[in-house]
Amino acid sequence: MLEILYRDEHLIAINKPSGLLVHKSFYSGEADTYAIQELRKQIGQKVYPVHRLDRKTSGVLLFTLDKETLRKMSTQFEEKMVEKKYIAILRGWAKEEETIDYDLINENEVKQNAITYYRRLQTSEIDLPFLKHQTSRYCLVEAIPETGRFHQLRKHFKHILHPILGCRKHGCNKQNKLWLQTFGINKMTLHAHQLIFNHPILKKRITVNATIDDEFKRIGDILKLDLSMYS
C-alpha cells in the first residue's frame, strides 16, 4: 500500500518509495509495477501525475484526480510557483550554501538552463578509510531546484564534486562500492521531503511533507546525523 500524504476531491499526494517508477518511460526502462498503476488500484479511480521523481528518489509525488486540475497544476510547475525541497547526503563537505547555475543537456541533446539552490544542514566524519584518507566526510543538505531538469540534482552535485551518496550514474562508484562492502547499503540518499503549492481549486497554500524510509534512517545513524525532523 502506498502511503497517502494528502487527499481531497481534486488532488492526492503519496510518499513514493525508492525504486518505484512513476510511469512507463523510454528513458527509465521497464518495471513490474508503476506508481500511477498502484495508486489507481489502491483508490479505485484514475490519477494523473503532475510531476515525476527519479526511480531511486523517494518522497512527495503529486497527482490530480481530473484533467482540469492537472492543467492548472501543470501551469504552476511551468511558472515555477511550486516549491520543491529535497534532502540529500553528499560526499565531502559542501559549502554552507550555494546557488548552482549550470546548464544541462537533456535527453534530446538540447542544452537547458538549470538552477539549484542548496544549504548545508549538518556535517559528518567517520572512521572509514577511503583512498589516501583515513576518514570519510559527508554532509546533509537541503536542495531547492528552481528548474526541473532530468536528473538535475544528481548532475549538479556531481558538477560541484560533491556527488550524492548512493547515486550510480552521476555519483562516485568507488564510494558506493565501499558502502556496499562495509555496510551492505547501496541506497541513493535523495529524498523529496516537502512540496508547497497553491491549491488551484480551494485557493489556499498547501504544504505536503514526506518522511524518510528505514534505510535512509540507517545511513543517518551510521553518520550520526540528526534526521528526526524528517522521520
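Residues numbered from 1 in each chain as written. Predicted model: local features only at pLDDT ≥ 70, side-chain atom pairs only at ≥ 80, totals over all residues. Heavy atoms only, no water.

Enquirer: Run through unusual backbone geometry, naming residues and quoting values.
Expert: Backbone geometry places Leu-131, a non-glycine residue, at a positive phi of 55°. You can see Leu-131 is positioned in the loop between strand 9 (115-126) and strand 10 (136-145). (Helix = DSSP H or I, 4+ residues; strand = E, 2+ residues; numbered from the N terminus.)

Enquirer: An account of the pairing of strand 2 (residues 11-16) is needed here, citing residue identities and associated values.
Expert: Counted residue by residue, strand 2 has six buried out of six residues, so it is predominantly covered. One ladder, built from four bridges, connects strand 1 (residues 3-7) with strand 2; its direction is antiparallel. Bridge pairing in strand 2 links Glu-3 to Asn-15. Between the end of strand 1 and the start of strand 2, which pair antiparallel, lie three residues. (Buried < 20%, exposed > 50% of the residue type's maximum accessible area, 1.4 Å probe, protein only. Pairing = 2+ DSSP bridges.)

Enquirer: I'd like a description of the pattern of salt bridges, backed by residues and values.
Expert: Taken as a whole, this structure holds 12 salt bridges when the rule is applied. The shortest N-O distance in the salt bridge between Asp-54 and Arg-154 comes to 3.3 Å. Of the two residues, Asp-54 is situated in the loop between strand 3 (48-49) and strand 4 (58-64) and Arg-154 in helix 3 (residues 152-159); the sequence distance between them amounts to 100 residues. Across the salt bridge formed by Arg-137 and Glu-125, the nearest N and O atoms sit 3.5 Å from each other. With Arg-137 in strand 10 and Glu-125 in strand 9, this pair connects stretches of sequence that are 12 residues apart. (Salt bridge = Lys/Arg side-chain N within 4 Å of Asp/Glu carboxyl O.)

Enquirer: Can you break down the pairing of strand 10 residue by residue, with the values?
Expert: For strand 10, the buried fraction is high: nine of the 10 residues fall into the buried class. Across six bridges, the pairing between strand 5 (residues 83-91) and strand 10 is antiparallel. Residue pairing for strand 10: Arg-91 is matched across the bridge by Tyr-138. Where strand 9 and strand 10 come together, 10 bridges link them in antiparallel fashion. Across the sheet, Thr-123 pairs through a bridge with Cys-139, a residue of strand 10.

Enquirer: Tell me what's going on with the environment of Ala-88, and back it up with residues and numbers.
Expert: By secondary structure assignment, the location of Ala-88 is in strand 5. Here Ala-88 falls in the buried class, since its relative accessible area comes to 1%. In sequence terms Ala-88 and Leu-153 are 65 residues apart; their C-alpha atoms lie 9.2 Å from each other. Dropping the residues within four chain positions of it, Ala-88 is found in contact with Cys-139, Leu-140, Val-141, Ile-164, Thr-189 and Leu-190. (Contact = heavy atoms within 4.5 Å.)

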